[in-house]
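Observations on the model geometry
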Amino acid sequence: MGRQPLFRRVDFLPQVTYFKPAGVPLVHLQEVRLSIEEAEAIRLKDIEGLEQDECAQRMRVSRPTFTRILQLARQKLADALLNGKAIRIEGGNYELAVRRFRCGNGHEWELPFEVMIDQPPALCPTCNTEEIMALWPWRPGGGRSGGGRRHRGRHNWQTE
Ligand SMILES: [Zn+2]
């Protein structure tokens, strides 16, 4: 105990989170688990093509940490592809760049990653109720808050 989990900042949640090789019977199927921050590392480096320093900054981790996350992620993907394993993308220690909350009285507000990590909300800033929940982010659509339209699904979020 005593060790605080380190949250990485993530801009994107993949829509599809399970990949299965064709023609492998389920009983023989092994699975590789890619965390959300590992997926983000791959996305920043290999899809957006950013330099490692930039990637590290985006995820708010040190450069060596980013390198480690990326290497592990690539290893897992290679293992899955070449050894015919399924890939499941889930879990990890991450927070989204912007998180939207709603209280039991219908007030909604947003908090940026930096604030969330520092001090997760316990009360609604408008009515002070403790009955609050995080709304699952609207994705994709590329943008930050801008078009905050419809939120699908909810996600119960506990302040430890
Ligand atoms: Zn409220």
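Now for a description of the structure that goes with this document. As the structure is a prediction and not an experimental result, all values here were calculated from the model.

Observations regarding the packing of aromatic side chains
- Scanning all chains against the criterion turns up one aromatic pair.
- Ring geometry for Phe 101 and Trp 109: centres 5.8 Å apart, planes at 25 degrees, overall stacked.
- Accessibility expressed as a relative area gives 11% for Trp 109, which makes it buried.

Examining the sheet that holds strand E2 (residues 18-19)
- Strand order across the open sheet formed by three strands is E2-E4-E3, with mixed pairing between neighbours. Every interior strand has two partners, whereas the edge strands, E2 and strand E3 (31-34), have only one.
- Two elements, E2 and strand E4 (residues 86-89), share two bridges in a ladder whose sense is antiparallel. Across the sheet, the residue bridging to Tyr 18 is Arg 88, located in E4.
- The strands touched by helix H1 (residues 36-47) are E3 and E4; relative to E3, the strand with the most contacts, the crossing angle is about 75 degrees.
- Contacting E3 and E4, helix H3 (residues 63-83) runs over the sheet at an angle of about 155 degrees to E3.

As for H1
- Most of H1 is tucked away: nine of the twelve residues are buried.
- Contacts made by the buried residues of H1 are with strand E1 (8-10), E3, helix H2 (52-59), H3, E4 and strand E5 (94-96).
- One or two steps after H1, the chain reaches Gly 49, where phi turns positive at roughly 70 degrees.

Section: H2
- Those residues of H2 not exposed but buried are Gln 52, Cys 55, Ala 56 and Met 59. Axial view of H2: buried residues confined to an arc of 100 degrees, hence all on one face.
- Where H2 is buried, its residues contact E1, H1 and H3.
- Arg 60 sits one or two positions beyond H2 and adopts a positive phi of about 60 degrees.

Reading the values: rules and limits
- Each chain carries its own residue numbering, running from 1 in the written order of its sequence.
- Given that this is a predicted model, residues contribute local features only at a pLDDT of at least 70 and side-chain atom pairs are listed and counted only at 80 or more, while totals for whole chains, interfaces and linings are drawn from all residues.
- Values reported for side chains reflect all heavy atoms of the structure, with hydrogen atoms and water molecules removed beforehand.
- Aromatic contacts are taken between Phe, Tyr and Trp rings whose centres are within 6.5 Å, Trp giving its six-membered ring; a plane angle under 30 degrees counts as stacked, one over 60 as edge-to-face, and the others as tilted.
- Burial status follows relative accessibility: with a 1.4 Å probe on protein chains alone, a residue under 20% of its type maximum counts as buried, one over 50% as exposed, and anything between as partly exposed.
- Two strands qualify as a pair provided that DSSP identifies no fewer than 2 bridges between them.
- Helix numbers and strand numbers start at the N terminus; a helix is a DSSP run of H or I with at least 4 residues, a strand a run of E with at least 2.
- Pairs of residues are marked as contacts when any of their non-hydrogen atoms sit within 4.5 Å.
- Angles run from 0 to 180 degrees between N-to-C directions of axes, and those axes are lines fitted to C-alpha atoms, restricted for helices to the stretch in contact.
- Note that the arc is defined by the directions from the helix axis to the C-beta atoms.

Taken by themselves, the reported measurements are silent on function.
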